[in-house]
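Structural overview
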Amino acid sequence: MTLFVFLAVLSAAAMHAIWNALVKVHLDRFLSITLMTLGMGFAALFAVPFVEVPKAEVWPYIIASVIFHMGYRTFLIGAYKAGDFAQTYPLARGTAPLLSALGGIVVVGEVPAPFAMLGIVLLSAGTLVMSFRGGAHLEKLNLRAVGFALGTSIFIASYTLSDGSGARLAATAQSYAAWLFVCDATWALVLCIFFRGPQSLPVLARDWKAGLFTGVLSGAAYWIVMWAMTKAPIASIASLRETSILFAMLISVLALGEKMTVWRAAAALGIVAGVAALRMG
C-alpha cells in the first residue's frame, strides 16, 4: 500500500465519521438510510455521462453489491431496533474486516502479509473495545442485537469483496462507483415505495438537503475506498476504513465534550497500532 493510498483511505474514514457526527435527519431509520442512498444516487447521476458503461462481466458484481447493500441496510435497521446501536454497530464494523480478510483469501486469493494480518486483528480488536465503552457493558447486549450486528458484518464483508472485485474488473473505479450508486438508489426508491407507499416521497423531499449532503459525503468516501481496493489488498483497505470509529471518538471527545475513558484510550491505541502495522505491511 503506497503512502498516497494509505492517506486517501484515512481521509475517507474521516469523511465517514464526519457525516455520521454532523448530520441529523428527523426521519425514522428506514427513511433516513433511504434518503442517504438517494442522495448518493442523485449525485452519481452527474458523473454517469463522463464514465464508461460497465462491461457485461462487471454487472453481476454491481447486482450482487446492490443485494448485499439491501441486506446490510435491513440488518442495520434491525440492529437499531434490537439493542444499543452505539454498541451493535461498532460490533459489526469490528468483525467485518476479519470476515473480509477470510473472504479475500477464499474469493480473490489474497493472503495478507504478516504485518497486514496483525494490523487487521489490532484494528478489529480496538474497534470492538470501542463498542463497549462508557457506561454500557457487554452483558447488556441481547442475543437478538448480537445476531443483527453479526449479520450486518457479513453483508459489509460481502459488498466489500464484491465491490473490490468489480472495481478491479471495470474500466475505472469511477465508472463502477457511479453506476453502482445509481442502481442502488433506484432499488432503494422502489423498496421505499413498496414498503411505505407513495406518501413517503413528500416526507423524503422535505429533507432533501440532508440527503444530498450525506449522500455526497458518503459516496465520495466509499468511492475512495473502491478506488483504493484497485491499488492495494482488499482486506487491508477494508480494515483501514474502520478507523472511522477512531475519528468518531475524537469528534465526540474534542467537539462534543464527551469523556475520554481508560477503555476508549486503550481502544484508540489498539486502532493506531493496527494502522501502523497495516502501513508496515
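Structure: above.
Description of the structure in this document. The structure presented is a predicted model; accordingly, all values stated were derived computationally and were not measured. (Residues numbered from 1 in each chain as written. Predicted model: local features only at pLDDT ≥ 70, side-chain atom pairs only at ≥ 80, totals over all residues. Heavy atoms only, no water.)

Quick word on the overall build of the chain
Looking only at helices and strands, the chain has 12 helices and 0 strands in total. Its helices and strands in sequence order give the chain the pattern α-α-α-α-α-α-α-α-α-α-α-α, from N to C terminus. Here the C-alpha atoms of the chain give a radius of gyration of 18 Å, agreeing with the 19 Å that 2.2 N^0.38 yields for 281 residues. Principal axes of the C-alpha set define a box for the chain whose edges measure 50 × 40 × 35 Å. (Helix = DSSP H or I, 4+ residues; strand = E, 2+ residues; numbered from the N terminus. Rg over C-alpha atoms; globule rule 2.2 N^0.38 Å.)

Quick notes on the environment of T243
With respect to the secondary-structure elements, T243 resides in the loop between α10 (234-241) and α11 (244-254). T243 sits in the buried class, given a relative accessible area of 1%. Sequence-wise, T243 and G274 are 31 residues apart; in three dimensions their C-alpha atoms are separated by 9.4 Å. Engagement of the side chain of T243 in a polar contact is seen with the backbone oxygen of L240, the distance being 2.7 Å. (Buried < 20%, exposed > 50% of the residue type's maximum accessible area, 1.4 Å probe, protein only. Polar contact = N/O pair within 3.5 Å; in protein donor to acceptor, adjacent residues only side chain to side chain.)

Topic: the packing of helix α2 (residues 29-45) against helix α3 (residues 59-82)
When two helices pack together, their arrangement is given by the angle between the helix axes and the distance between those axes. With their axes 10 Å apart at the nearest point, α2 and α3 run at an angle of 145° to one another. Our pair here, α2 against α3, has a crossing hand that is right-handed. Every residue of α3 that contacts α2 at R29, F30, I33 and T37 is listed here: R73, L76, I77 and Y80. Classifying every residue of the contact of α2 with α3 gives 5 nonpolar, 1 polar and 2 charged. (Axes fitted to C-alpha atoms, helices over the stretch in contact; angles between N-to-C directions. Left-handed = near helix turned anticlockwise from the far one by under 90°. Contact = heavy atoms within 4.5 Å. Nonpolar A, V, L, I, M, F, W, Y, C, P; charged D, E, K, R; others polar.)

What about the side chain of S162?
Mapping S162 onto the fold places it in helix α6 (residues 143-169). With near-sequence residues (within four places) excluded, S162 lies in contact with Y61, A64, S65, F68 and Y176.

A look at the packing of aromatic side chains
Under the criterion given, the structure shown has 9 aromatic pairs. Taking the centre distance of 5.5 Å and the plane angle of 75° together, the rings of Y72 and Y159 count as edge-to-face. Residue Y72 is located in helix α3, and its partner Y159 is located in helix α6; the two are separated by 87 residues in the primary sequence. The same class applies to Y72 and to Y159, which are both buried. Judged by centre distance (5.3 Å) and plane angle (45°), the ring pair of F75 and F155 falls under tilted. Placement of the pair is F75 in helix α3 and F155 in helix α6, with a sequence separation of 80 residues. An aromatic cluster of at least three residues, connected via ring pairs, comprises F30, F194 and F195. (Phe/Tyr/Trp six-rings, centres within 6.5 Å; stacked < 30°, edge-to-face > 60°.)

Focus on the pattern of salt bridges
Per the counting criterion, the structure on display carries 5 salt bridges. A salt bridge links D28 to R196, with the shortest nitrogen-to-oxygen separation between them at 2.8 Å. Highlighted residues: D28 in the loop between α1 (3-22) and α2 and R196 in helix α7 (residues 173-196), separated in sequence by 168 residues. In this structure, D184 and R73 form a salt bridge, with 2.9 Å as the shortest nitrogen-oxygen distance. Of this pair, D184 sits in helix α7 while R73 sits in helix α3; the two residues are 111 residues apart in sequence, bridging distant segments of the chain. With a relative accessible area of 6%, D184 lands in the buried category. Residue R73 is classed as buried on the basis of its relative accessible area, which comes to 11%. (Salt bridge = Lys/Arg side-chain N within 4 Å of Asp/Glu carboxyl O.)

Regarding the nonpolar core
Counting 68 residues, the largest nonpolar core has Y176, L180, F181, M226 and I237 as the members making the most contacts within it. Residues in contact with M226, not counting those within four places in the same chain, are D163, A167, A173, Y176, A177, L180 and F181. (Core = buried A, V, L, I, M, F, W, Y, C linked by side-chain atoms within 4.5 Å.)

Let's talk about the state of the cysteines
A full pass over the atoms with the stated rule returns 0 disulfides. The thiol of C192 is not disulfide-bonded; the next cysteine sulfur, from C183, is found 18 Å away. The class of C192 is buried, set by a relative accessible area of 0%. (Disulfide = S-S within 2.5 Å.)

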